[in-house]
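Next come the chains, spelled out residue by residue.
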Amino acid sequence: MGTDVNAITERIYEDVLRRNPAQPEFHQAVREVLDSLAVVLARHSEFAELKTVERICEPERQIIFRVPWQDDRGEVHINRGFRVEFNSALGPYKGGLRFHPSVNLGIVKFLGFEQTFKNALTGMPIGGGKGGADFDPKDRSDTEVMRFCQSFMTELYRHLGEYTDVAAGDIGVGGREIGFLFGQYKRITNRYESGVLTGKGVGWGGALVRTEATGYGAAFFASEMLKVRGDSLDGKTVAVSGAGNVAIYAIEKVEQLGGKAVTASDSSGYVVDERGIDLEVLKQVKEVERARISAYADRVPTARFVAGGSVWDVPCQVAIPSASQNELDSHAAVTLVRNGCQVVVEGANMPCTPEAVKVFQEAGVAFGPGKAANAGGVATSALEMQQNASRDRWTFEHTEARLEEIMREIHASCHATAEEYGAPGNLVLGANVAGFLRVAEAVHAHGLI
Ligand code: NDP
Ligand code: 2IT
C-alpha cells in the first residue's frame, strides 16, 4: 500500500464531489474532516485498505418524503421532509430535526456527517443522523405548526425507534414541536416509547438540563479552553450570535461564570447591550412571544438594535457564534482579531467558514470547533435516553454535573489527540481525529457492512 496519504484524501474528496453534486455544505464538512485525516491514514494503513473513510462519508440511508398540510385558512402546502441516517457504528442514529426554509439534502447531510463525529466525541453510545424539512415555522400559528408536525411524523415514524433512530430538536424545532411530534408517534404506534425523541417536556419524560445543555456546554467548553491558557471566563466580554435555544443558554452560563455577554441576534439584525444581556427580557421576547430581536432593544434602555449588520463588529474577548452555518466569514474574523478576540467557540454547527477558521488559527486565537464545543446538547439527549430506559429521573444538579464532566472530557480528548498527532492546540484536528478513530474502530469490528 502506497503511503501518499494526501493523494488518498484528495481522491476521496473528488469522489464525494462527483457523487454528491450541488451540496456545498456537505462538501465543506467533508473537506474539513479529510484535511485532518492524513495523519491518521499515515499511521493506520488498514483504513485505506478497507476504505473506512469512504464508507464513513457515505450515509447508511437517506430518506426524502412529501409533507402535505393545510394552513388555518384551508390552503394546502407541500413541504419536503428529510432524514439522513448517517452512521450507526456506535449506537442508534441520533440527531436533531431542523425546520427552516433553507433545508435541503446537502444541508441535512452536512449536519448528519458532523453529528456522527460529535456523537462519538461524547463517549455515549449514539450513532449519527439528522433530519428536517424546508418548512418555515415563522409567523405560523400553534395549530399550523401542530398540523405540520403531525403530517411530518405520519411519514417519519416508520423509520424511528428507540433502538433505531432517535430524533430531537435543532433550528425551528424546540419543546413545542417535540411535543406535537411525540404525540403523533405515540398515536400511530400505540407505544409510549419515551426514548424515541429527546428534548421532551420535563413532565413527560424529558431530562432536566436538556433545554440548557447546548449553550451551557459551549460555555463550559470555552472555560476549558481558557483554562489551558491560564485564564477564565470571569470578567470577559463575550459576543454571542443567535437568539434561540443555543444562544440564550450560552449567555446564561457565561453570565453565571462571571462573563458579560453583550450581544444577541436573529436574521433581522443584532442587539448590543454593554451592561450585559438581560436574560429575563431576552427569554420573554424569544421563547414566549417569538418576536423579533428589536423588541429586546425596545424594552431595555441600555440596548441598541442594529438592523442587518454584523454582530462580529462588536468588540469582545470571546465569541460564541450560535445561529447557523457560515454566519462568520473571513472578513468578520479579521474584525474580531483586530478587536482583541482571544477565543472563538462554535455554539452552532459550522458557523465559521474555512477561511475564517484559518484567520483565527494564524492569529493564535483559540478555536473550538462545533462538533466538540456544541456536543453538550446531544450528550444530554443521551442522558435523557438513559433516564427513559431506566424509567428514572435525575436532578438538575446531577445532570448538569454530568454535562460539565462530559464537556471537560471532550476538551481533554481533543487537546490530547491534537498533541499526539503533532498539532498541539489545534482542536479542529483533535476533534476530527478523536471522533473519527472511535467511529472507525467500531466500523472495523462490524466487518464489511
Ligand atoms: P433556534 O431555532 O432556537 O435559533 C436559531 C437562531 O439562529 C435564531 O435566532 C435564528 O434567527 C438564527 N438563525 C437561524 N438561521 C439563520 C440564518 N440563516 N441567518 C441568520 N440567523 C439565523 O435554533 P438553535 O439555537 O437550536 O440552533 C442554533 C445552531 O446551533 C444551529 O446551527 C444548530 O444546528 C446548532 N445546534 C443546536 C443544538 C440544539 O440542541 N438545539 C445542538 C447543537 C448545535 P431567526 O429566528 O430570525 O431565523
Ligand atoms: O446539532 C445537534 O447536536 C443537535 N441539534 C442536537 C441533537 C440531539 O439529538 O440532541
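Computed from a predicted model, the values in this text were never measured in an experiment.

Engineer: For the site of ligand 2, give the residues involved together with the corresponding values.
Structural biologist: Surveying the vicinity of ligand 2 reveals 14 residues, the closest of which are Lys 94, Lys 118, Lys 130, Asp 170 and Ser 381. Within the side chain of Arg 210, a nitrogen or oxygen atom sits 2.9 Å from an oxygen atom of ligand 2. Between Asn 349 and ligand 2, the recorded distance is 3.0 Å, taken from a side-chain N or O atom to an oxygen atom. For ligand 2, the accessible surface in isolation is 290 Å², of which the surrounding protein chains cover 94%. Going through the elements one at a time, strand 3 (93-99), helix 5 (105-122) and helix 15 (376-389) are the ones with two or more residues in the shell around ligand 2. Taken together, the residues that form the shell around ligand 2 break down as two nonpolar, seven polar and five charged.

Engineer: For the sheet that holds strand 9 (residues 269-273), give the residues involved together with the corresponding values.
Structural biologist: Strand order in the open sheet formed by three strands is 8-9-10, with antiparallel pairing between adjacent strands. The sheet is open, and its two edges are formed by strand 8 (263-266) and strand 10 (303-307), each paired on a single side. Across the sheet, the mean angle from the axis of one strand to that of its neighbour is 15 degrees, orientation sign disregarded. Pairing of strand 9 with strand 10, which is carried by five bridges, proceeds in the antiparallel orientation. Residue pairing for strand 10: Val 271 is matched across the bridge by Phe 305.

Engineer: Any chance you could break down the sheet that holds strand 5 (residues 165-168) for me, citing the residues and the numbers?
Structural biologist: The strand order across the open sheet built from five strands is 1-2-4-3-5, with neighbouring strands paired in mixed fashion. Edge positions in the sheet fall to strand 1 (61-70) and strand 5, since each of these pairs with one other strand and no more. Here the strands of the sheet are splayed against their neighbours by 20 degrees on average, with no regard to which way each runs. Of the strand pairs in this sheet, strand 3 and strand 5 are connected by four bridges, and their pairing is parallel. Of the residues in strand 5, the one forming a bridge with Gly 95 is Ala 167. Docked against the sheet, helix 5 engages strand 1, strand 2 (76-87), strand 3 and strand 4 (128-133), running at close to 150 degrees with respect to strand 4. Contacting strand 1, strand 2, strand 3 and strand 4, helix 6 (residues 142-156) runs over the sheet at an angle of about 140 degrees to strand 1.

Engineer: Please provide a residue-by-residue account of empty space enclosed by the protein, values included.
Structural biologist: The rolling of a water-molecule-sized probe over the atoms marks out the regions of remaining empty space. If you walk through the whole model with that rule in mind, you get one cavity of 30 Å³ or more. Counted as a void, the largest cavity has a volume near 40 Å³. Lining the largest cavity, in full, are Val 30, Val 33, Leu 34, Leu 37, Val 53, Ile 56, Cys 57, Phe 113, Phe 117 and Phe 436. For the lining of the largest cavity, the elements supplying multiple residues, two or more each, are helix 2 (24-43), helix 4 (52-57) and helix 5. Take the lining of the largest cavity: its biggest share by element is four residues, from helix 2. Taken together, the residues of the lining of the largest cavity break down into 10 nonpolar, no polar and no charged.

Engineer: Tell me about helix 16 (residues 396-420), and please be specific about residues and values.
Structural biologist: For helix 16, spanning 25 residues, the distance from its first C-alpha to its last is 36 Å, which sits close to the expected 36 Å at 1.5 Å a residue. Backbone geometry just after helix 16 places Gly 422 at a positive phi near 80 degrees.

Engineer: Explain the site of ligand 1 to me, using residue names and the numbers behind them.
Structural biologist: In the vicinity of ligand 1 lie 25 residues, with Asp 170, Thr 214, Ser 267, Arg 292 and Asn 349 positioned nearest. A distance of 2.9 Å is found between an oxygen atom of ligand 1 and a backbone nitrogen or oxygen belonging to Val 246. Contact distances for ligand 1 include 2.4 Å between an oxygen atom and a side-chain N or O atom of Ser 267. Relative to its unbound accessible surface of 890 Å², ligand 1 loses 82% to contact with the protein. Elements represented by at least two residues in the shell around ligand 1 include exactly helix 8 (210-228), helix 9 (245-256) and strand 8.

Engineer: Account for the pattern of salt bridges, naming residues and giving values.
Structural biologist: In this structure the tally under the stated criterion is 32 salt bridges. A salt bridge links Arg 73 to Asp 71; its shortest N-O distance comes to 3.7 Å. Accessibility expressed as a relative area gives 70% for Arg 73, which makes it exposed. Here Asp 71 falls in the buried class, since its relative accessible area comes to 5%. Residues Glu 193 and Arg 191 are paired through a salt bridge, measuring 2.8 Å at the closest nitrogen-oxygen approach.

Cut-offs used in this document
Residues numbered from 1 in each chain as written. Chains lettered and ligands numbered in written order. Predicted model: local features only at pLDDT ≥ 70, side-chain atom pairs only at ≥ 80, totals over all residues. Heavy atoms only, no water. Near = heavy atom within 4 Å. Polar contact = N/O pair within 3.5 Å; in protein donor to acceptor, adjacent residues only side chain to side chain. Areas by Shrake-Rupley, 256 points an atom, 1.4 Å probe, with all protein chains shown as cover. Helix = DSSP H or I, 4+ residues; strand = E, 2+ residues; numbered from the N terminus. Nonpolar A, V, L, I, M, F, W, Y, C, P; charged D, E, K, R; others polar. Pairing = 2+ DSSP bridges. Axes fitted to C-alpha atoms, helices over the stretch in contact; angles between N-to-C directions. Contact = heavy atoms within 4.5 Å. 1 Å grid on protein atoms, 1.4 Å probe; cavity = no way out; pocket = protein on both sides within 12 Å on 5 of 7 lines; lining within 4 Å. Points joined across faces, edges and corners; volume = space filled by probe spheres on them. Expected span 1.5 Å × (residues − 1). Salt bridge = Lys/Arg side-chain N within 4 Å of Asp/Glu carboxyl O. Buried < 20%, exposed > 50% of the residue type's maximum accessible area, 1.4 Å probe, protein only.

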